[in-house]
Amino acid sequence: MVTSFPWLTALWAIPMAGAALVMLLPASQRTAAKWLALLTSIAVLGATLVVAVGFKPGGDQYQFVESHAWIPSFGTGYILGVDGIALALVVLTAVLVPLLIIAGWNDASDQIGWGGRSVHTYFALTLAVEGMVLMSLVSLDVLLFYVFFEAMLIPMYFLIGGFGGENRSKAAVKFLLYNLFGGLIMLAAVIGLYVVTAKSDAFTAGTFDFRAIVAAVSSGQFVMSPAVMNLMFGGFMFAFAVKAPLWPFHRWLPGAAVEATPASAVLMMAVMDKVGTFGMLRYCLQLFPDASMYFRPLIITLAVIGIIYGAIVAIGQVDVMRLIAYTSISHFGFIILGIFVMTSQGQSGSTLYMVNHGISTAALFLIAGFLVSRRGTRLINAYGGVQKVAPVLAGTFLVAGLATLSLPGLAPFISEFLVLIGTFTRYPAFAVFAATALVLSAVYILWMYQRMMTGPVKDGNDRLRDLLPREIVVVAPLIALLLVLGVYPKPALDVINPAVSHTLTTIKQPDPAPKIAEGPSR
């Protein structure tokens, strides 16, 4: 789609400019800083709606394209564009951030440090993460993507390390070291990609133009040796596997999620980490299709292990926030499984799963955070009978929990069902193993709800307040989205499916033909 206004630039420039303006406010203007951050995020949502309405699912693969020179001598440009997969994640990001700002309205008020500007810093960092995530999603230049893929670690590191629990500094350092190491490995692969394009007859010079490289790979004009392709695929995939995270590269996630404020944890798990799975779907598969197929059995195996591991470890948790963090590891396993089975149902379900996981995790984690802020402890056994004193809180917690276990009628069910169907058509055994998580998820969610919300009211819980109006403003849209997408996912799938079809066509992976059993001969 051709448009005179640079809407995709606006998507990332608005939150970055808003972050700068928040920091420029006087230290005493804390309330003004909060409202400016919220209004900025709403402006981003408005720009996103313009892009979503103007996007034509049956049109060009990449729409709202912007292309300008950046460093021509280095083969890189300022190239932006959005397809159906990226659009789904852009909308998720733009919807969640205003809700997270409202949810974290008072998270920085009591922090000591930052020169009396803790409120300003907290909300400016949140907007900075949003801007960098959006830039990563709409970039069509590999180097441009990499720059923002790495840069988003900086504001996220300060959000974790500057705000939250007692062990936040340790969790932040662990988060940064894991992700920086993955990023350095990816940097070597990015440089390698430039070198091999410079030596190829398919290009006049080295390039980072994603569309040009993919077109040359798909047409057979750009051929890499299998060893080189496997190494570069490994560099990209390693960084994305850490970010996602894929088992066994998940070790940084539980600590970071527990020690960060609930709103920052959701920003990390529901928004930032999706760039990892998005990168697998866009860059790993399309730049290195042969290597993707070569490593497919290994990655699928790790994904299934992650699905089962995350669910089993979640069952044994005594910390409600850590339990929810481990459920995300299981869910990311489903997302990665759907990507690498390379079927239309699997990848459509995987993309929709990214959206639905973002919504359900945001709802469950934020409601749990509201409860923990009242009681002052994350221990599950400290609760009991909460539904009698805070019925709205308990009811919304139940709906969010049922969505997390993929109950039919709620949004994650459709995406998880599509992933399992797509997996079964190509790898029936893996689908059977992955399906065991359906039972395990029912155990960890329902058992957690039973211990925390039902039974007699335990000492210390009798004066718990129900959800406040500000908290209802956060939770109500998330519950509504879970219900709407659970019964009518068609609008989202109509946008996602053409992009998935294009990806599978590019990597030359048609859906397996259905097997028809032959009847007895006469």
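Quantities reported herein were computed from a predicted structural model and do not represent experimental measurements.

*Asks:* I would appreciate a short explanation of the packing of aromatic side chains in the present structure.
*Replies:* The description of an aromatic ring pair uses the distance of the two centres, along with the angle that the planes make with each other. As enumerated under the stated definition, the model contains 27 aromatic pairs in all. Ring geometry for Tyr194 versus Phe208: centroids 5.2 Å apart, planes at 20 degrees, classification stacked. Taken together, the positions of Tyr194 in helix H7 (residues 168-199) and Phe208 in the loop between H7 and helix H8 (210-219) put the pair 14 residues apart, joining distant regions of the chain. Note on accessibility: Tyr194 and Phe208 belong to one class, buried. One aromatic cluster is present, formed by Phe145, Phe149, Phe210, Phe236, Phe240, Tyr283 and Phe288 through successive ring pairs.

*Asks:* How do you make sense of the pattern of salt bridges when you look at a structure like this?
*Replies:* What the rule picks out here adds up to four salt bridges. Residue Asp83 pairs with Arg282 through a salt bridge whose shortest N-O separation is 3.1 Å. Taken together, the positions of Asp83 in the loop between strand S2 (76-82) and helix H3 (84-103) and Arg282 in helix H12 (residues 274-287) put the pair 199 residues apart, joining distant regions of the chain. Judged on exposure class, the residue Asp83 and its partner Arg282 are both buried. Of the charged contacts, one joins Arg374 and Glu471 as a salt bridge, the two residues approaching to 2.6 Å between their closest N and O atoms. Of this pair, Arg374 sits in helix H15 (residues 344-375) while Glu471 sits in helix H20 (residues 469-487); the two residues are 97 residues apart in sequence, bridging distant segments of the chain. Each member of the pair Arg374 and Glu471 is classed as buried.

*Asks:* Hey, could you run me through the pairing of S2 in this one?
*Replies:* On any regular strand, side chains alternate: one points to one face of the sheet, the next to the other face. For S2, a buried count of seven out of seven residues is recorded, marking the element as mostly surrounded by other parts of the structure. Where burial is concerned, the two faces of S2 agree: the one with Thr76, Tyr78, Leu80 and Val82 and the one with Gly77, Ile79 and Gly81 are both buried. As paired strands, strand S1 (residues 63-71) and S2 are joined by six bridges and run antiparallel to one another. Within the sheet, the bridge partner assigned to Glu66 lies in S2 and is Leu80.

*Asks:* Would you explain the UniProt feature "domain: NADH:quinone oxidoreductase/Mrp antiporter transmembrane" (unreviewed entry) in the chain in this entry?
*Replies:* Annotation from UniProt places "domain: NADH:quinone oxidoreductase/Mrp antiporter transmembrane" (unreviewed entry) at residues 139-439. Between the end C-alpha atoms of residues 139-439 the distance is 39 Å, and the span holds 79% helix and 0% strand.

*Asks:* Before we go on, may I ask you to explain the nonpolar core in this structure?
*Replies:* Ranked by internal contacts, the top residues of the largest apolar core, which has 200 residues, are Phe236, Met268, Leu287, Phe288 and Phe340. With residues up to four places along the chain from it excluded, the contact list for Phe340 reads Phe233, Met237, Met280, Leu285, Ser292, Arg296, Ile299 and Ile300.

*Asks:* So what exactly am I meant to see when it comes to helix H21 (residues 490-506) here?
*Replies:* In this model H21 runs 24 Å from its N-terminal to its C-terminal C-alpha over 17 residues, within 8% of the 24 Å that 1.5 Å per residue would give. Along H21, the sharpest kink reaches roughly 30 degrees, centred on Ile496 and followed within four residues by the proline Pro498. Residues of H21 that are buried: Leu493, Val495, Ile496, Ala499, Val500, Thr503, Leu504 and Thr506. At its buried positions, H21 is contacted by H3, H8, H12, H15 and helix H18 (411-424). Lys508 sits one or two positions beyond H21 and adopts a positive phi of about 55 degrees.

*Asks:* Explanation requested: the packing of helix H5 (residues 142-151) against helix H6 (residues 153-162) in the structure shown.
*Replies:* The relative placement of two packed helices comes down to the angle between their axes together with the axis-to-axis distance. Here H5 crosses H6 at 10 degrees, and the two axes come no closer than 5 Å. Here H6 runs roughly parallel to H5, going by the angle between their axes. Where H5 abuts H6, its residues Phe149, Glu150 and Ala151 lie against Leu153, Ile154 and Pro155. Looking at side-chain class alone, the contact of H5 with H6 contains five nonpolar, no polar and one charged residues.

*Asks:* I'm lost on the environment of Ala244 in this one. Help?
*Replies:* Inspection of the secondary structure puts Ala244 in the loop between helix H9 (226-243) and helix H10 (252-259). Ala244 sits 103 residues away from Asp141 along the chain, and the two C-alpha atoms are 21 Å apart. With residues up to four places along the chain from it excluded, the contact list for Ala244 reads Asp273, Thr277, Met280, Phe332 and Ile336.

*Asks:* How do you make sense of the environment of Ala437 when you look at a structure like this?
*Replies:* Counting through the fold element by element, Ala437 comes out in helix H19 (residues 428-453). Expressed as a C-alpha distance, the spacing of Ala437 and Trp70, which sit 367 residues apart in the sequence, is 47 Å. With sequence-adjacent residues up to four places away left out, Ala437 is seen in contact with Ile307, Ser330 and Phe334.

*Asks:* Looking at this structure, I do not really get unusual backbone geometry. What am I missing?
*Replies:* Of all residues except glycine, most have a negative phi; of all peptide bonds, most are trans. In this structure, the amide linkage connecting Ala244 to the following residue, Pro245, adopts the cis form with an omega of -5 degrees. Phi is positive for Phe64, which is not a glycine, with a value near 55 degrees. Locating Phe64 in the fold gives a position in strand S1. For Phe64, a relative accessible area of 3% gives the class buried. Even without a glycine there, the phi angle at Ser406 is positive, about 65 degrees. When its relative accessible area of 8% is taken as the criterion, Ser406 is described as buried.

How each quantity is defined
Residues numbered from 1 in each chain as written. Predicted model: local features only at pLDDT ≥ 70, side-chain atom pairs only at ≥ 80, totals over all residues. Heavy atoms only, no water. Phe/Tyr/Trp six-rings, centres within 6.5 Å; stacked < 30°, edge-to-face > 60°. Helix = DSSP H or I, 4+ residues; strand = E, 2+ residues; numbered from the N terminus. Buried < 20%, exposed > 50% of the residue type's maximum accessible area, 1.4 Å probe, protein only. Salt bridge = Lys/Arg side-chain N within 4 Å of Asp/Glu carboxyl O. Pairing = 2+ DSSP bridges. UniProt positions renumbered as here; feature names shortened; annotations may be inferred. Core = buried A, V, L, I, M, F, W, Y, C linked by side-chain atoms within 4.5 Å. Contact = heavy atoms within 4.5 Å. Expected span 1.5 Å × (residues − 1). Bend = angle between axes of the 7 residues up to and from the residue. Axes fitted to C-alpha atoms, helices over the stretch in contact; angles between N-to-C directions. Parallel < 35°, antiparallel > 145°, perpendicular 65-115°, else oblique. Nonpolar A, V, L, I, M, F, W, Y, C, P; charged D, E, K, R; others polar.

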